[in-house]
Amino acid sequence: MKTLRIILADDQLLVRAGVRALLESLPGHEVIAECADGNQAIAEVRRQKPDITVLDIAMPGPSGIEVTKAIRQFDPATRILILSSIDRHEIIEQAMAAGANGYLLKDFLLAELQLAVQTVSKNGCFLSPRVQETLNHRLPDGDHAGSTVLTVRQTEILRLVASGKTTKEIARDLQISPKTVEFHRAQLMERIGVHDVTGLTRYAMQYGLIT
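Parameters at a glance
- Residues numbered from 1 in each chain as written.
- Predicted model: local features only at pLDDT ≥ 70, side-chain atom pairs only at ≥ 80, totals over all residues.
- Heavy atoms only, no water.
- Buried < 20%, exposed > 50% of the residue type's maximum accessible area, 1.4 Å probe, protein only.
- Helix = DSSP H or I, 4+ residues; strand = E, 2+ residues; numbered from the N terminus.
- Pairing = 2+ DSSP bridges.
- Contact = heavy atoms within 4.5 Å.
- Axes fitted to C-alpha atoms, helices over the stretch in contact; angles between N-to-C directions.
- Salt bridge = Lys/Arg side-chain N within 4 Å of Asp/Glu carboxyl O.
- Phe/Tyr/Trp six-rings, centres within 6.5 Å; stacked < 30°, edge-to-face > 60°.
- Lys NZ or Arg CZ within 6 Å of the ring centre and 35° of its normal.
- Core = buried A, V, L, I, M, F, W, Y, C linked by side-chain atoms within 4.5 Å.
- pLDDT = per-residue confidence, 0-100.
- Polar contact = N/O pair within 3.5 Å; in protein donor to acceptor, adjacent residues only side chain to side chain.
- Parallel < 35°, antiparallel > 145°, perpendicular 65-115°, else oblique.
- Nonpolar A, V, L, I, M, F, W, Y, C, P; charged D, E, K, R; others polar.

### Structural notes on the pairing of strand S3 (residues 52–55)
Residues Ile52 and Val54 point to one face of S3 and Thr53 and Leu55 to the other, with burial holding for every one of them. The pairing of strand S1 (residues 4–9) with S3 spans 4 bridges and is classified as parallel. What sits directly across from Ala9, in S3, is Leu55. Taken together, the 4 bridges between S3 and strand S4 (residues 79–84) define a ladder with parallel strand orientation.

Written as structure tokens, this is what we have:
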């Protein structure tokens, strides 16, 4: 199994030590650098090109959201997991819009941390249950993707793409051809107005399709 190379950025030493210990207790996980501020995090990601970058929101220098934006300008590949005690909807939405792949609250259980890292490493989107609840409460009743602009098949594929499934896996699950999956995904992107899987995932998250 490939070892996941992780950069951890948080200005609190005890938090970093605790999260590092938990991450490295998981098989196949290695923290290759710790950062205490936003500028250091950007420099280390640029230098080491990790598989996953775990970022706090509130750090000296650029915030976790600003760091996420900066990283996305030169490294679209690293998966970014926000680790924060902030559960305000506007901060969560800003982080995901900046290019984060997950948002984990700091009161997590070890199993949640493991699931979060595994999910984002497989191109999925992870949100803490309380984060999902916060965002879902922002939606008007009945305001869900698929109810007005998407077909049932498109909604199915959107859910599966956002959960990190590959084209082949989606084709197998829905018993259709990979080319059909690609056709529906292209239609989804055009209809929603996004250009990549990350955009589809954000849309699914916004409308409560990721469970």
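On we go.
### Comments concerning the sheet that holds S1
One open sheet accounts for 6 strands, arranged S2-S1-S3-S4-S5-S6; its pairing is parallel. Because the sheet does not close on itself, it has two edges, and the strands there are strand S2 (29–35) and strand S6 (126–127). Relative to strand S5 (residues 102–105), S4 runs parallel, the two sharing 4 bridges. Across the sheet, residue Ile82 finds its bridge partner in S5, namely Tyr103. Set on the sheet, helix H1 (residues 13–24) makes contact with S1, S2 and S4; between it and S2 the angle comes to about 165°.

### Considering the pattern of salt bridges
Taken as a whole and assessed by the stated rule, the structure comprises 9 salt bridges. Close ionic contact of Arg16 with Glu34 constitutes a salt bridge, the shortest N to O distance being 3.0 Å. Taken as a pair, Arg16 in helix H1 and Glu34 in strand S2 lie far apart in primary sequence, 18 residues in all. Using a relative accessible area of 11% as the deciding quantity, one classes Arg16 as buried. Residue Glu34 is classed as partly exposed on the basis of its relative accessible area, which comes to 26%. For Arg20, the salt bridge is made with Glu34, and the minimal N-O distance between the two is 2.8 Å. In this pair, Arg20 sits in helix H1 while Glu34 sits in strand S2, placing the two residues 14 residues apart along the sequence. For Arg20, a relative accessible area of 26% corresponds to the partly exposed category. Taken together, the salt bridges that share partners define one network made up of Arg16, Arg20, Glu24 and Glu34.

### Thoughts on the packing of aromatic side chains
The final tally for this structure, using the stated rule, is 0 aromatic pairs. For Arg46, the ring lying beneath its charged end belongs to Phe74, and the centroid distance is 4.0 Å.

### A look at the nonpolar core
In this structure, Leu55, Ile57, Val67, Ile82, Met96, Tyr103 and Leu127 are the most contacted members of the largest nonpolar core, which totals 28 residues. The set of elements that each furnish at least two residues to this core consists of S1, S2, helix H2 (38–48), helix H3 (64–74), S4, helix H4 (89–98) and S5. The dominant element in this core, judged by the number of residues it contributes, is H4, at 5 residues. When near neighbours in sequence (up to four residues on either side) are disregarded, Ile82 contacts Leu55, Ile57, Gly64, Thr68, Ala95, Ala100, Gly102, Tyr103 and Leu104. Counting residues in each nonpolar core, the second largest holds 17 residues, with Leu23, Ile52, Leu83 and Val120 among its members.

### So, the confidence of the model for the chain
Overall, the prediction assigns the chain a mean pLDDT of 83, with 88% of residues at 70 or greater. Considering only residues more than four positions removed or in separate chains, one finds that residues 139–148, a stretch of pLDDT under 50, has 13 contacts.

### Details of H3
Taken residue by residue, H3 has Gly64, Ile65, Val67, Thr68, Ala70 and Ile71 as its buried positions. For H3, the elements touching its buried residues are H2, S3, S4 and H4.

### A word on the side chain of Ser84
One can find Ser84 in strand S4. At a separation of 3.0 Å, a polar atom in the side chain of Ser84 contacts the main-chain amide nitrogen of Ile86.

### Some points on the packing of helix H8 (residues 167–174) against helix H9 (residues 178–192)
Where H8 meets H9, the closest approach of the two axes is 8 Å, and the angle between their N-to-C directions is 105°. Comparing the axis directions of H8 and H9 gives the class roughly perpendicular. Mapping the contact onto sequence places Thr167, Ile170 and Ala171 in H8 and Pro178, Val181, Glu182 and Arg185 in H9. Counted by class, the contact of H8 with H9 contains 4 nonpolar, 1 polar and 2 charged residues.

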